[in-house]
Each structure stands twice: as C-alpha cells, then as structure tokens.
Amino acid sequence: MGLDKKARHNVPGGTVKKRRPPIEWRILARNFAVVFLPTLVLLVVIFGVRYYNNFNSEIDVIKAEAALNLDFDSGVIFHQLNAMLGDLTYLVTNNEIHEHLENLDDASKAELASEFLAFSTAEQMYDQIRLIDENGRELIRVNYNKGEPYIVPESELQNKESRYYFQDTIKLAPGQAYVSAFDLNIENEEIEYPLKPMIRAGAPVFDENGNARGIIVLNYLGGDLIGSLQNQPGAIYKVLLLNPEGYFLIGLNPEDEWGFMYEDGQDRTFGNTFPEAWQAINSHESDVFRNADGIFTFKKINLYIGDDEYSALKSVVSYKEYYWTLITYVSQDSIGAIRAGLISKYAVMFGGGVAVLGVAAGVAAYAMYRRRLADIALKRSEAKYRDMANLLPQIVFEVDDKDYLIFLNKAGFNVLKYNQDELERGLSFPDIILPGERERLQSDIQKLRAGQSVEAVEYSILDKDGSTFPVMAYFSAPAYGVRNAGFRGMVVDISELKRIDRMKTEFISVASHELKSPLASIYGFIKLLQDEKTGKINATQKEFLDIIETQTNLLNSLVGDLLDVARIESGKLTLTITEVNLAEIIKEAVAGVKPQAEEHHIKITTDMNFKEAAIMADRNRMMQIFFNLLSNAIKYNRDSGWVKITGRTVGDMAQIDVADNGLGIPAADIPSLFTKFFRAQNVYKSKAGGTGLGLSIARSIIELHGGKIWVESEEDKGSTFSFTLPRARKKDVPAAPAKSRGKGK
C-alpha cells in the first residue's frame, strides 16, 4: 500500500516529497456537467432572447424610418400640388385675361401669350400652359421646351375638344378646378419619349355674365415630384407610388411603371406583384404590416386639394374617388440580410461565450472539488471588486439594511473628507445628503427595497466640512428576495454639467439681448420706408415691407420669449408685485386681441363672478399671460368660433378659465404641452406660427405667483386653459409700490 518508514529513508536522494492525491475525474466531470449544462441552456436562452429583441428592434427602427419618410413625402406631394393649384388660381383670376377674352384680337393674343411665356420662364415646372376656347380650340400655347420656353405658332395649335380633360373642365362651376390622373404625356396620339409624367390642372374662365369662355390648362411636369420621392441613397426601403387601380407610378423597377398606359402592361400592378399586401392596403387608409413578402408602410393620399392659403380653387379630380397610395417597402431579401448579419454576429458571440463558459465551468468544478481554492478565489474576487472601485473617479458606495455606509471607494473618502474609522463608527447614507432632500431620498430607498426601479436621481451632497455640490445618484437593486436588504450605487459629480447649463442659459440671454438692438433698428427703418419718408414706394414694395415687418415682429417676439426663458432658468425673472384688478386686466387683454378675433369672426365673451377681483401680481406679466392664452385661443380656432373667459373665486384663490371651440389638443400631447418648444401635432392644420415657448413661460410666471395652470381639451371640440392666483387680502397689500420675486437680481 505504501512505503514504510525504513523504506522512505532508503530512497535515493533523500526523503520522498508528499504527493497530491490523484484527481477523481469522474467526480470532476460530474461537477463540470452540473455547472456547464444548466449554464449552457441559460446562455442559449439569453442569446436567443437577445437575438430576437435585437432583430425586432432593427425591424422597429426600419418601420419608424419608413413612417417618417412617408410623412415627409406626403407633405412634399401636397406642397407641390397645392403650389400648382395656386398658380392656376393666379392665372384664372387674372383680370387681364378676362379683359382680353372680351375682345380677343391678334394683339390681345400676343399680349396674353407673352404673359404666359414669362410665367412659364419664372415657374419652370409646367410643360405647357394653354388657353383653350369654349369649343376646344387652342388659342394660346406655351411649351417649356426643356428650359427654353417658346410660344407655339398658331398653325401648330390643335383642337382638344375630344380630350377628357377639356370635357371635364369646361363644365365646372366657378371656384372649381380639374386635376387629371397622373399619367404620361401624349402627343399626336402617341406616348412621348423620353417619358414625360404629367398632371393636367385646368379651370374655366368666365365672362362678366358668368358664361364659360374657355379654360386654362397647366401641364405639370411630374418628373420633379417623382424625383423628390425617389429612394434615399443607402436606404433599406424602397418608395412606391400607386394610382387607385394599383398601377405603379413609382415602381420596384422602371419597366413596372405606367403599365396602364400600355396595352401589354395591364397586368403590371401592385396587386399582381403583392396580392396579399394589396388586400390589406385596400382595407385601410394607412398602416404598417409585415407579411411573407416583406414590410409595407403605406398611406393613402386623397387628392381633393385646394386648402392652401394661396388658392381660391378647390380641386375636382378626374375620378369619383381619386387618391394615390404612397408605400415604403422593405423586401424579404433585405430582412433576410439583416437576420443573417445578426445570426453571424451572435454566432461568433455565442461561440466565444461557450468557450468562456467551458473554461468557467471547469474552474467552478475544480473549485467545488477543492473548496479551499474556492475560498481563496472568492477572497481574490472581492479584492478585485474593491480595487476596481478604487480606480473609479466617481463615488462608489454600499449601504446595509439600516442605511449605514459599509463601503466607500477611495474617491468617496477623498471627496466626502471622511476616513475609514469614521465609516466604521457609523456614517449613514442620509448623513451625506443635504437635509432638505433627505425625505425624498428615504422615499427613493423605500421604492428600491420594494422592488421598484429608481432612475438616476439628482441630489446635493454634503461633505464633512459642510460644503455642498450637485450629483447624480445611480442605485442597484437590493438582493432579490431579501427583505430590507442593503444596496449599492454610484454618485457622479455634475457640477461641471450644471456650469455648462448655466453658460447655455447665459448665452441665450446675451444673444437675445444682442439681437434686440438690431431688430429695433430694422423695425425703425421699415417704418421709415412704409411712411415714405425716403421716397414713394409702389404696391409691390409695400407688400414686401409688410412681410418684412411681420417677420421682424415674429423674430422680436421670439427674442423676447428666449429672454424670458433665460431669466426663468437662471432665477433672475423679476416680478413687480402690486394689487391688481383682474377684471380690468381681462378687459384690456380682450381689447388688445379684438382685431385678431374680428379678422376670423371669433366672438369673445366674459363672465366675471369674483367675490373680490383684486390679486397680488405683476400687472405686465399678467397681461403677457392673458395675451398668450387669448392669442392661442384665436389662432387655433375655427372661423366664426367663440372664446369665453370665466372668472370665479375658489377659496383663497381666483380662478380664470379661457375656453374655446377650436382645434383642441390630442390627448397624447397634453402632458408635454407646458414644456419648452413643444407644439401639439394638430396645430399644423391651422398654419399658425408659434415658438412653443408661450405656455412654458406662462406656467413659470403663474407658479412664481403661487398659482398653477392646467388644461382640459378634446381634439376637434376645443380646449379650456385654467389657472389660479392668490387673491389679495388687506394684509397682502405691500407698503412699497413694488415687490420683486426671483432667485437672483
């Protein structure tokens, strides 16, 4: 069984060294399997879930990008078509055309043709501009001729009596316009090559007795519109445009496009290419879905246009129900490429993970076999954790179940100016937080221990010497299933970020101040020109000056808002507090917006039910709030709408409600309504300008006065903005004529 004592002494070279016991490989293999196999299953699940989530995230990003592109492209379409209708409006309502039609001799034709030629040269978007008489005969035609417009000689003019666009246009009523289907231009009964996509817009011209004397037709060059919708370089999706029958106006391939114009192209439709997707698209106005062919994001664009402010015409399209379908399409091949890339990526990662797992399982199995080595490894791991924590410049801490600090890294001791002895004697985590914030800290700790997540939280740290500085604290969850367990975290000094934020605020303030003087000069010179102090101006110049004045006022208003934001953020907004009569302020504010309301036929009413209308407030800031709320109620209202201002007493507060029956606010936008630069999505329907700062400033001013503001709204039915302010009492009346509020001067 072994060497006896005598034998050991007889071994050549001296005594025998003590051998390690042989490793029992069967037990080690069992331990390895116990560690490796469950972890391998877990690794498979983790990588599978991560792959699944990553793949779906990629798909979601593609869908979001496609939806954004869809919204942008639909906006481009409406802008282009409304611009076309605006140009048609200009020509149809031109008094000179009506005058010439009354006596259309050769001189009148020549003069009109010259005007059409100048218009074609300026616009550069119409292949032809034509005046056709009531019998279908072309009287004037200007051809764009690839950028070199010319007046077509009378001998080359044609009779268009049989063409569909003439027949549909000549019978329209005043104020109506015809918009044709999007097709290819045909000359002499043949499709013109190179292909020339075309939309024809026409409107009748009436004499003073209301009789149609002819029509004006614009042949809009649709190539520019198609070009603006083409796929962006590098985009994974393709943009498609369909007519109501599903024919491609923009297709997957050029040979698929305009199939309805060719005898052999009648089957080149979206429905034949993607039958399942075509059924889904026909059932909805807009949607995004994925099927075996790929991902489709679509939106139907109704072409009953004419809502643009520059157009006096409303379109009557060539179909009873005419629309385009705008689609972004991601092919299954593209999705497969994404999937293949992710699989390749995760296969490499998984292989590395398995290799690491195999090594880790072997180490763990050996550690189970040799418990003492495991204990040593554990101690080394703890030392490694502390060493790494000590390398970090941020404060890393650990708290026990009684909120006492049981670990601080080197940076923590240096910054807080405590030592290890003081930590061991008992230093609680709340002790290093500013007293005024400790109640909020306890609430966050309770959430942590209840299993709730706590996002990054800002506190003010209090060091041993009593100095404070702002930090962002990050917490890790307590051990799962352990009641009232401790937790770990990290504290990051954000003093520099705060300083940068203050610099940003100061920059906005300085920049806004610097803009006010040049704006005042510009406004002054505009007034000099408008008042003709420097000489006579014509109507066009006056119109341009009025536009400049309006835009200058808007910019001046924006600068004022930015200054207010800067003052509010820096705590330097000064309020001059006096006793103010709310009823008088409301009366003045209503008078100030009366011209704006009358322009849109909006009725403003007031209902004052105050027991006492006096409040303690800054009068000018109160006027600012009322002007903002009333202007919004008018801007985002409908013509002939109403605005009602109600005032009443609620306890020690005066409450004012500003209600309207305008656009209303989408429910999803209400939580963000009082944040800086935010504008609800539906305000763009009204085409009213705005910076998104007014309501944010109003909220800050009201809160500085000790009140609050809120809104109740329903989209398409109207909104009610309500706010409260403390009522004035005898003891509130200041001895001095003014009082200021704010964090600084």
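Our structure's up above, just so we're on the same page.
Keep in mind the model is a prediction, meaning the values are calculated, not measured.

### Some remarks on the sheet that holds strand E18 (residues 457–462)
Right, on to step 1. An order of E17-E16-E20-E19-E18 is seen for the five strands of this open sheet, with the pairing classed as antiparallel. Of all the strands in the sheet, just strand E17 (405–408) and E18 have a single pairing partner and so form its edges. Between one strand and the next, the sheet's axes are offset by a mean angle of 35°, whatever the strand orientation.
Right, on to step 2. Strand direction decides the pairing type here: strand E16 (residues 395–399) and E17, joined by three bridges, are antiparallel. In the sheet register, Phe 397 faces E17, and the bridge partner there is Leu 408.

### What about the side chain of Asp 256?
Right, on to step 1. Structurally, the position occupied by Asp 256 is in the loop between strand E11 (248–250) and helix H7 (270–273).
Right, on to step 2. Not counting chain neighbours up to four residues away, the residues in contact with Asp 256 comprise Phe 248 and Arg 268.

### Here's the deal with the environment of Thr 39
Right, on to step 1. You can see Thr 39 is positioned in helix H2 (residues 25–92).
Right, on to step 2. For Thr 39, a relative accessible area of 31% translates into the label partly exposed.
Right, on to step 3. Residues Thr 39 and Val 354, 315 residues apart in the sequence, show an inter-C-alpha distance of 9.4 Å.

### A few points about the pattern of salt bridges
Right, on to step 1. If you walk through the whole model with that rule in mind, you get 19 salt bridges.
Right, on to step 2. Two residues, Arg 619 and Glu 588, come together in a salt bridge whose shortest N-O distance is 2.3 Å. One end of the pair, Arg 619, is in helix H17 (residues 619–635); the other, Glu 588, is in helix H16 (residues 582–599), with 31 residues separating them in the sequence.
Right, on to step 3. For Arg 619, a relative accessible area of 29% gives the class partly exposed.
Right, on to step 4. Within the structure, one salt-bridge network assembled from shared partners comprises Asp 127, Glu 192 and Lys 196.

### Remarks on the packing of H16 against H17
Right, on to step 1. Between H16 and H17, the least distance of the axes is 9 Å, while the angle of their chain directions is 40°. Between H16 and H17, the crossing angle belongs to the class labelled oblique. Seen along the crossing, H16 lies across H17 with a hand that is right-handed. Every residue of H17 that contacts H16 at Leu 582, Glu 584, Ile 585, Ile 586, Glu 588, Ala 589, Val 590, Gly 592, Val 593, Gln 596 and Ala 597 is listed here: Arg 619, Met 622, Met 623, Phe 626, Phe 627, Leu 630, Ser 631, Ile 634 and Lys 635.
Right, on to step 2. Its residues assigned to classes, the contact of H16 with H17 comprises 13 nonpolar, three polar and four charged.

Each value, and the rule that gives it
Residues numbered from 1 in each chain as written. Predicted model: local features only at pLDDT ≥ 70, side-chain atom pairs only at ≥ 80, totals over all residues. Heavy atoms only, no water. Pairing = 2+ DSSP bridges. Helix = DSSP H or I, 4+ residues; strand = E, 2+ residues; numbered from the N terminus. Axes fitted to C-alpha atoms, helices over the stretch in contact; angles between N-to-C directions. Contact = heavy atoms within 4.5 Å. Buried < 20%, exposed > 50% of the residue type's maximum accessible area, 1.4 Å probe, protein only. Salt bridge = Lys/Arg side-chain N within 4 Å of Asp/Glu carboxyl O. Parallel < 35°, antiparallel > 145°, perpendicular 65-115°, else oblique. Left-handed = near helix turned anticlockwise from the far one by under 90°. Nonpolar A, V, L, I, M, F, W, Y, C, P; charged D, E, K, R; others polar.

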